[in-house]
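Listed here are the chains, written in short residue letters.
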Amino acid sequence: MLSASLTLDPAFRVAPVGRRLFGSFVEHMGRCVYSGIYDPGHPAADGRGFRGDVLELVRELGVGVVRYPGGNFVSGYRWEDGVGPDRPTRLDLAWRQVEPNTFGLGEFMAWTRAAGVEPMLAVNLGTRGIQEACDLLEYANHPGGSYWSDLRVRHGDAEPYGIKLWCLGNEVDGPWQIGHKSAAEYGRLAAETAKAMRALDPDVELVLCGSSGAGMPTFGAWEATVLEAAYDAVDHISLHAYYEEQGDLASLLASPAAMDRFIADVVATADHVRAKLGRSKRITLSFDEWNVWNMSRFAGRTQAPFEHAPELIEDTYTLADAVAVGGYLITLLRNADRVAIACQAQLVNVIAPIRTDPGGPAWRQTIFHPFALTARHARGEVLRVEPTGPVLNTAAHGEVPALDAVATHDPETGAVSLFAVNRHLTEPLTLHADVRALGEIRRTGAQIIAGPDPHAVNDRANPDRVLPRPLEVPPPEDGRLTLTLPPVSWGVVTLARPRVLSMDTVAR
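These remarks concern the structure in this document. (Residues numbered from 1 in each chain as written. Predicted model: local features only at pLDDT ≥ 70, side-chain atom pairs only at ≥ 80, totals over all residues. Heavy atoms only, no water.)

### Quick notes on the packing of helix α3 (residues 130-141) against helix α4 (residues 147-154)
Piece 1. Relative orientation of the contacting elements α3 and α4 amounts to 45 degrees, with a least axis distance of 7 Å. Taken together, the axes of α3 and α4 are oblique relative to one another. Seen along the crossing, α3 lies across α4 with a hand that is right-handed. Packed against α3, whose contacting residues are Asp 135, Glu 138, Tyr 139, Ala 140 and Asn 141, the element α4 presents Tyr 147, Trp 148, Ser 149, Leu 151 and Arg 152 at the interface.
Piece 2. Along the lines of polarity and charge, the residues of the contact of α3 with α4 split into five nonpolar, two polar and three charged. (Axes fitted to C-alpha atoms, helices over the stretch in contact; angles between N-to-C directions. Helix = DSSP H or I, 4+ residues; strand = E, 2+ residues; numbered from the N terminus. Parallel < 35°, antiparallel > 145°, perpendicular 65-115°, else oblique. Left-handed = near helix turned anticlockwise from the far one by under 90°. Contact = heavy atoms within 4.5 Å. Nonpolar A, V, L, I, M, F, W, Y, C, P; charged D, E, K, R; others polar.)

And the structure:
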């Protein structure tokens, strides 16, 4: 049996756990909005058209922030079409869809309040520019007494939305993007847009478009150029990454190592620009699209007819995909000192943890579970655990550790959560954790995602085939915690201080 070890010590702090790390993404693409979060004719829909069953699952998922409305969609979007009583039907060129605009900014803000999530809004820097971005910001955030803010009031929202997070376009480096630009063109436009938006609302946080993937031919050079142009005007730079199993399960399970390298490269570039410009401010990262996506199976829609809410990239996820997603979450937590925002793409139906049937049920895909468990149990501060153990050789990512892990510690309650993944395809792994620095501690729970078939899925007929199940973990003994992770598995172990009983409690 494989064996690995790590140390849990509250002194090994990385950064606070931010709720923005547990973000998601809603785009007007496929059935994410229409028949996803919004379906007025559904039996579970409320008076606003929001599916109640989906809202319940979003709350259970533990999402902290949701990016909207795109994605490629935003680069051709006229936000004015989605507010007020008169909503024109438009053709969306990004996904060749018919967009009725019945769900727009006001509906999205009402939905975020119902879901209990922070909004993150993208502006169109593809076909539009500075003025339209400022008009949108004025409509959303200005209290009143101006054309756009008074229009919001007339549309029924007397109070400003107070949206803090704004994305300056989407994947502008990509040739597929409507309004694709060079780094120099985009950097100047983003800088001027950011300055104008800050003049209107100094409290906004702005996300600059980084590369749409580490494999882009302009990666690195793009970040350096746009950051030099806009460094003083922005707060974050974006990263997007998707991974898939292409007949090589070991490489899929190792793909969080590629995410780690991607983060390190963007941090290095941002810090190089900081040094070059002589600035003290550090740019943080917004990893606002990430997931498993079987992209090789998607032929695109360049020749497709225009349709309303077609079924697009509704991937059905496997147990192994869930383990990989658990690994991405470990990576994001471990880099919480520089990754300020992370959004899994997308939320419903489109490469999503939640699936729905029009007029029928909603269910949890396999990837729902590691996200929900991590969002629930990661509290306080991230701890670096520095595991040691065996190494695996993979075709796509070279040598990677068989075990990956991270922990969180809540200084107020003493609660500790350990998240761990065993990437080995056939061998269980025994993990020995040194917990002496935690003092007297007890195990409060342990759950594992594992099973005999790594390609098992949750679907309409069997929505609970892959579920977290209890993991047997003996209580800590002599400052040591020992647990065994099955092959191809992700798990979480929670620890807490012993209960201190008062005399009144004992008497009762």
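Read on for the rest.
### Remarks on the nonpolar core
Piece 1. Membership of the largest hydrophobic core comes to 134 residues, with the highest contact counts inside it found for Phe 103, Trp 111, Trp 166, Leu 168, Tyr 186, Phe 287 and Trp 290.
Piece 2. Here the element with the most residues in this core is helix α9 (residues 319-334); it accounts for eleven residues.
Piece 3. Setting aside residues up to four positions removed in sequence, Trp 166 forms contacts with Leu 121, Val 123, Leu 136, Leu 137, Ala 140, Asn 141, Met 197, Val 204, Glu 205, Leu 206 and Val 207.
Piece 4. Counting 33 residues, the second-largest nonpolar core is a separate cluster that includes Ala 4, Ala 254, Val 385 and Val 493. (Core = buried A, V, L, I, M, F, W, Y, C linked by side-chain atoms within 4.5 Å. Buried < 20%, exposed > 50% of the residue type's maximum accessible area, 1.4 Å probe, protein only.)

### Some words on the packing of aromatic side chains
Piece 1. Inspection of every chain in the model, using the stated rule, returns 20 aromatic pairs.
Piece 2. Arranged with centres 6.2 Å apart and planes meeting at 80 degrees, the rings of Phe 22 and Phe 371 form a pair that is edge-to-face. Note that Phe 22 is positioned in the loop between β2 (13-16) and β3 (23-25) and Phe 371 in helix α10 (residues 368-377), a separation of 349 residues in sequence.
Piece 3. Assessed through its relative accessible area of 1%, Phe 22 is described here as buried.
Piece 4. Among the aromatic residues, ring-to-ring pairing joins Tyr 34, Tyr 38, Phe 50, Tyr 68, Phe 103, Phe 108 and Trp 111 into one connected group.
Piece 5. Positioned over the ring face of Phe 25 is Arg 67, at 4.6 Å from the centre of the ring. (Phe/Tyr/Trp six-rings, centres within 6.5 Å; stacked < 30°, edge-to-face > 60°. Lys NZ or Arg CZ within 6 Å of the ring centre and 35° of its normal.)

### Overview of the layout of surface pockets
Piece 1. Counted as a void, the largest pocket has a volume near 810 Å³.
Piece 2. Around the largest pocket, the lining comprises 36 residues; the ones closest to its centre are Asn 72, Glu 171, Trp 176, Trp 293 and Met 295.
Piece 3. Ranked by residue count, the leading element in the lining of the largest pocket is strand β10 (residues 236-243), at four residues.
Piece 4. Looking at the lining of the largest pocket, its residues break down into 21 nonpolar, ten polar and five charged. (1 Å grid on protein atoms, 1.4 Å probe; cavity = no way out; pocket = protein on both sides within 12 Å on 5 of 7 lines; lining within 4 Å. Points joined across faces, edges and corners; volume = space filled by probe spheres on them.)

### Concerning helix α2 (residues 105-115)
Piece 1. Burial within α2 is extensive, with ten of its eleven residues counted as buried.
Piece 2. Within α2, burial applies to Leu 105, Gly 106, Glu 107, Phe 108, Met 109, Ala 110, Trp 111, Thr 112, Ala 114 and Ala 115.
Piece 3. Positive phi appears at Gly 116, one or two residues downstream of α2, with a value of about 75 degrees.

### Here's the deal with empty space enclosed by the protein
Piece 1. Counting across every chain of the model gives three cavities of 30 Å³ or more.
Piece 2. Put simply, the largest cavity is a space of about 140 Å³.
Piece 3. For the largest cavity, the lining is made up of 16 residues, of which Tyr 77, Trp 79, Ala 122, Val 123 and Leu 136 are closest to its centre.
Piece 4. If you list the elements that add at least two residues to the lining of the largest cavity, you get β7 (118-123) and α3.
Piece 5. Here the residues of the lining of the largest cavity sort into eleven nonpolar, three polar and two charged.
Piece 6. Its volume calculated, the second largest cavity comes out at about 50 Å³.
Piece 7. If you go around the second largest cavity, the residues you meet are Glu 27, His 28, Met 29, Gly 30, Val 33, Tyr 34, Gln 97, Val 98, Glu 99, His 308 and Ala 309.
Piece 8. In terms of residue class, the lining of the second largest cavity is built from five nonpolar, four polar and two charged.

### Quick word on unusual backbone geometry
Piece 1. Backbone torsion omega between Gly 70 and Gly 71 reads 15 degrees, so that peptide bond is classified as cis.
Piece 2. A cis amide bond links Ala 345 to the next residue, Gln 346, at an omega of -10 degrees.
Piece 3. Mapped onto the elements of the fold, Gln 346 is located in the loop between β12 (339-345) and β13 (354-356).
Piece 4. Residue Arg 96 is not a glycine yet carries a positive backbone phi of 55 degrees.
Piece 5. Take Arg 96: it is sitting in the loop between β5 (90-92) and β6 (97-99).
Piece 6. In this structure, Ala 309 takes a positive phi of about 50 degrees despite not being glycine.

### Considering the sheet that holds strand β24 (residues 489-496)
Piece 1. Strand order in this open sheet of seven strands is β2-β15-β18-β19-β24-β21-β22, and the pairing throughout is antiparallel. Of all the strands in the sheet, just β2 and β22 (469-470) have a single pairing partner and so form its edges.
Piece 2. Running at roughly 55 degrees to strand β18 (residues 403-409), α9 makes contact with β2, β15 (381-383), β18, β19 (416-422), β21 (442-449) and β24 of the sheet.
Piece 3. Packing against the sheet, α10 makes contact with β18, β19, β21 and β24, and its axis sits at approximately 20 degrees to β24. (Pairing = 2+ DSSP bridges.)

### Details of the pairing of strand β9 (residues 205-208)
Piece 1. Pairing between strand β8 (residues 165-168) and β9: three bridges, direction parallel. Across the sheet, the residue bridging to Trp 166 is Leu 206, located in β9.
Piece 2. With helix α5 (residues 183-200) bridging β8 and the parallel β9, this β-α-β connection has right-handed handedness. (Right-handed = clockwise from strand over helix to strand, strands pointing away.)

### Some words on the environment of Gly 169
Piece 1. Examined against the element boundaries, Gly 169 turns out to sit in the loop between β8 and α5.
Piece 2. Remark: the alpha-carbon pair of Gly 169 and Asn 72, spanning 97 residues in sequence, is separated by 9.0 Å.
Piece 3. If near-sequence neighbours (up to four positions away) are discounted, Gly 169 is found in contact with Val 123, Leu 125 and Cys 209.

### Some words on the pattern of salt bridges
Between side chains of opposite charge, a pair can form when the charged atoms approach closely.
Piece 1. For the structure shown, the criterion picks out 32 salt bridges.
Piece 2. With a closest N to O distance of 2.8 Å, Arg 128 and Glu 80 form a salt bridge. Pair noted here: Arg 128 is in the loop between β7 and α3 and Glu 80 is in the loop between β4 (65-68) and β5, with a separation of 48 residues, a long-range link.
Piece 3. In this structure, Glu 307 engages Arg 301 in a salt bridge whose closest nitrogen and oxygen atoms are separated by 3.5 Å.
Piece 4. Connected via shared salt-bridge partners are Asp 260, Arg 334, Asp 404 and Arg 423. (Salt bridge = Lys/Arg side-chain N within 4 Å of Asp/Glu carboxyl O.)

### Overview of the sheet that holds strand β11 (residues 284-292)
Piece 1. The eight strands are arranged β3-β4-β7-β8-β9-β10-β11-β12 in a closed barrel whose pairing can be described as parallel. Strand-to-strand twist of the sheet, defined as the mean angle between neighbouring strand axes without regard to direction, takes the value 30 degrees.
Piece 2. Bridge count for β10 against β11 is seven bridges, and the pairing is parallel. Along β11, the bridge assignment pairs Ile 237 with Leu 285.

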